[in-house]
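# Residue-level structure breakdown
Here is how the chains run, residue by residue.
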Amino acid sequence: MVVRFDPKLDQELVLVPVKVKTGQKSTAGGYWGYVVPSNLLNLAATVLHFGRLAVVFDLDETLLMAHTVDSLQARIKRVNAAKEAKSAEMQSLFDSGGDSTQQIQELSAEMQLLEAEGALLQQDFEMLDSYRRDLQCRVYCAAHSKTYEPTWERVRTSKGDEVSRPIVRMEIDGRPLIFTRINPDSKSTSVLVRPRPNWRMLKDYLSGIEDVKQGLTRKQRFDVYICTTAEREYALEAWRLLDPEGSIFPLDQLVPRRMLCVPHPAKKDLLNVLRWEQIYAQMMQDPKKPPSILVTDESRALKGPAAAAATMSVIVDDRADVWEDISKKDLLQVMPFHPHKEAACDMLGPGAAPQAEYQAGRESDGELQRVVNTLRELRSKFYTELDHHIKPEAQRLMTLGVSEALQANPTELLPPMTPMSELLATSQFKPPAALGLTEREDRASDLRLLANDHTMMTMQQQQQEVAAAAAGNGAAAVPAPAAAAGGVAVSDPRKRRAAAAAGPPQQQQQQQQQVKNDGAAARPQ
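This is a predicted model, so every value here is computed, not measured.

### Description of the overall build of the protein chain
- A count of helices and strands for the protein chain gives 19 helices and 15 strands.
- A sequence separation of at least 24 residues applies to 67% of the contacts in the protein chain between residues at least 6 apart.
- Here the protein chain displays about 25100 Å² of accessible surface, and carbon together with sulfur accounts for 53% of that area.

See the structure below:
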């Protein structure tokens, strides 16, 4: 039995029926009450009764890599600059006249890798640019000497509006890539998405389809959540492209239950992710007030241990610095996904590519397979301990009864569960540092694009939008950040910031140019 207090307290009173010893052989029924963080019992029930642990995934550089034309251009420039720096370093070694054969060979291998990576980036840029410019959103692939036609797919936005997006799917050298346009009426929101290798294997495991393929009864072993610092409309589309059938969970659960988009520079918090359904419900019930159960730095300091409750969950992310310290202990940190560099290493082979880069690329290719293996391992360890140690002792206490003196020390009633952090520490999964990979893409945290999409907003702005929608005035939602400043819609966040800082004349010129460019890419009726 659960008694809910004032929501502001973020607590529930749980009344547990027990058989209390009143003598050596006599017992009496009663209830023991415990105050716990709100919704903690629901989370525990999912784990105990339905056999599902919670797993939280990041999107960009964890499950996929997405690029706009702007971000591809920026990456190409960085690769070219690095190549020029290596060339200058090699020339300096030649000029020195010393015995630097080994260094020259290493620099030559690095330059070959940069050359191959640059060529792959240029190939993606040309395809995405053709998709962006083409009036019918077709993609010309020079590698296949073929033009791909889009499939117009009807999807729902975060507000429930139905739009038709032009989707192009293809494979190059066995690696899938997908083209989409977040706002079908704005070519600046064209995005190229590359799912990570072995995503299909991970999806089949999470959805239980793996069981069906083996002739077994389908069983879902994890409750899946998404937590990203990317903008909401992009994040919704990215997940839809990864799981268009909704096999892991129904797509209509994304906004109200499964996906939390954290506005930059706030950090991700595991408890907020797992309680997003309750946070969202509070926002819908009273949009003008901040959700009382939303954990912030300030509320965590006030609530102390209540906000740090064990969650029996796993986080899969390529970054640790975007998570609150209290959540990092449950992090299974993966190598960041850099598809162009990894494909370049494959093209060159182990002899020509730098050894460390080649090894990192090979490890990254199998990263999601290692995630599947680790999730199996963690789940097996968790439920073995629960079924063989915790449940039998709980059953014994229910039969024989317990001493009333133990009510004040409930942790002494049952053997302690091994925390997920310890299970992770003893797993076979090696963190990225152990693989020698330290380089990261010079990108914004996750992917921030779509300046004409107002999804990167503060919690207060989200509440205002919900209030407008509840009042039947969806058109009066919070304006886009760029539009609110009178700026131009651009996909590169650095350009957006520059536009916001620019004076009115410059903004007007940029806006006129953007309107002119977008007008040429109007979607066909």
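### Some thoughts on the pattern of salt bridges
- Going through the model one piece at a time under the given rule, you end up with 32 salt bridges.
- Notably, a salt bridge pairs Asp365 with Arg175, separated by 3.3 Å at the nearest N-O pair. Taken together, the residues span a long stretch of sequence, with Asp365 in helix H13 (residues 355-365) and Arg175 in strand S10 (residues 175-181) at a distance of 190 residues. Across the pair, exposure class does not vary: Asp365 and Arg175 are buried alike.
- Between Glu367 and Arg370 there is a salt bridge, with the nearest N and O atoms lying 2.5 Å from each other. Separated by three residues within a single helix, Glu367 and Arg370 lie in helix H14 (residues 367-400), roughly one turn from each other. Of the two residues, Glu367 and Arg370, neither departs from the other in class, the shared state being buried.
- By sharing partners, the salt bridges in this structure join Glu153, Arg165, Arg169, Glu237 and Arg240 into a single network.

### Things to note about the pairing of strand S8 (residues 151-156)
- Here S8 runs beside strand S9 (residues 162-172); their pairing, made up of six bridges, is antiparallel. Directly across from Arg156, in S9, lies its bridge partner Glu162.
- Here S8 folds back onto S9, and the loop between the two strands holds five residues, one of which, Gly160, carries a positive phi near 95°.

### Concerning the pairing of strand S3 (residues 27-37)
- Looking at chain direction, strand S2 (residues 11-21) and S3 are connected through 11 bridges and run antiparallel. Bridge assignment links Pro17 to a residue of S3, and that residue is Tyr31.
- Hairpin connection of S2 to S3: five residues between the antiparallel strands.

### Quick look at the sheet that holds strand S12 (residues 222-228)
- What the five strands build is an open sheet, ordered S13-S12-S4-S14-S15; its pairing is parallel. A single partner strand is all that each edge strand has here, and the edge strands are strand S13 (259-261) and strand S15 (331-333). Ignoring strand direction, the axes of neighbouring strands in this sheet form an average angle of 20°.
- Sheet topology places strand S4 (residues 53-57) next to S12; five bridges connect them, and they run parallel. Across the sheet, the residue bridging to Ala54 is Asp223, located in S12.
- The sheet strands contacting H14 are S4, S12, strand S14 (313-317) and S15, and the helix crosses S4 at an angle near 155°.

### Considering the environment of Ser403
- Considering the arrangement of structural elements, one finds Ser403 in the loop between H14 and helix H15 (420-425).
- Judged by its relative accessible area of 35%, Ser403 falls in the partly exposed class.
- Separated by 382 residues in sequence, Ser403 and Lys21 have C-alpha atoms that sit 5.3 Å apart.

### Regarding the nonpolar core
- In this structure, Leu202, Leu206 and Trp239 are the most contacted members of the largest nonpolar core, which totals 71 residues.
- Among the elements that line this core, the one with the most residues is H14, at nine residues.
- Ranked by size, the runner-up nonpolar core spans 20 residues in total, among them Leu72, Ile76, Met127 and Cys141.

### Observations concerning the sheet that holds strand S5 (residues 64-67)
- If you walk across this open sheet you meet the five strands as S5-S11-S10-S9-S8, and the pairing is antiparallel. In the strand order of this sheet, the two ends are held by S5 and S8, each with one partner. If you compare each strand with its neighbour and ignore which way they point, the axes differ by 30° on average.
- Direction of pairing for S5 relative to strand S11 (residues 190-195): antiparallel, over a ladder of four bridges. When the sheet's bridge partners are listed, Leu64 is paired in S11 with Pro195.

### Section: helix H1 (residues 40-49)
- When we look at burial in H1, the residues that qualify are Leu40, Leu43, Ala44, Thr46 and Val47. Along H1, the residues classed as buried sweep out an arc of 155° about the axis, all on the same side.
- Looking one or two places after H1, you find Gly51, whose phi comes out positive at around 65°.

### Observations concerning H14
- Along its 34 residues, H14 runs 48 Å from first to last C-alpha, staying within 8% of the 50 Å computed at 1.5 Å per residue.
- Leu386 marks where H14 bends most, by close to 35°.
- Following H14 by one or two positions, Gly401 adopts a phi angle in the positive range, close to 95°.

### A few points about unusual backbone geometry
- The backbone of Asp173 shows a phi angle near 55°, a positive value even though the residue is not glycine.
- Along the chain, Asp173 falls in the loop between S9 and S10.
- You will see that Asn198, though not glycine, has its phi angle at about 75°, which is positive.
- If you trace the backbone, Asn198 turns up in the loop between S11 and helix H4 (199-207).
- In this structure Asn198 comes out as partly exposed when scored by relative accessible area, which is 28%.

### Remarks on the packing of aromatic side chains
- The final tally for this structure, using the stated rule, is six aromatic pairs.
- With centroids separated by 5.9 Å and ring planes inclined at 55°, the aromatic side chains of Trp276 and Tyr280 adopt a geometry described as tilted. Taken together, the residues span about one helical turn, with Trp276 and Tyr280 both in helix H9 (residues 276-285) at a distance of four residues. This pair shows no difference in class: Trp276 is buried, exactly as Tyr280 is.

### Here's the deal with the state of the cysteines
- Scanning the entire structure with this criterion turns up zero disulfides.
- For the unlinked cysteine Cys227, the closest cysteine sulfur is that of Cys261, found at 8.0 Å.
- Accessibility expressed as a relative area gives 0% for Cys227, which makes it buried.

About the cut-offs
Residues numbered from 1 in each chain as written. Predicted model: local features only at pLDDT ≥ 70, side-chain atom pairs only at ≥ 80, totals over all residues. Heavy atoms only, no water. Helix = DSSP H or I, 4+ residues; strand = E, 2+ residues; numbered from the N terminus. Contact = heavy atoms within 4.5 Å. Areas by Shrake-Rupley, 256 points an atom, 1.4 Å probe, with all protein chains shown as cover. Salt bridge = Lys/Arg side-chain N within 4 Å of Asp/Glu carboxyl O. Buried < 20%, exposed > 50% of the residue type's maximum accessible area, 1.4 Å probe, protein only. Pairing = 2+ DSSP bridges. Axes fitted to C-alpha atoms, helices over the stretch in contact; angles between N-to-C directions. Core = buried A, V, L, I, M, F, W, Y, C linked by side-chain atoms within 4.5 Å. Arc of directions from axis to C-beta. Expected span 1.5 Å × (residues − 1). Bend = angle between axes of the 7 residues up to and from the residue. Phe/Tyr/Trp six-rings, centres within 6.5 Å; stacked < 30°, edge-to-face > 60°. Disulfide = S-S within 2.5 Å.

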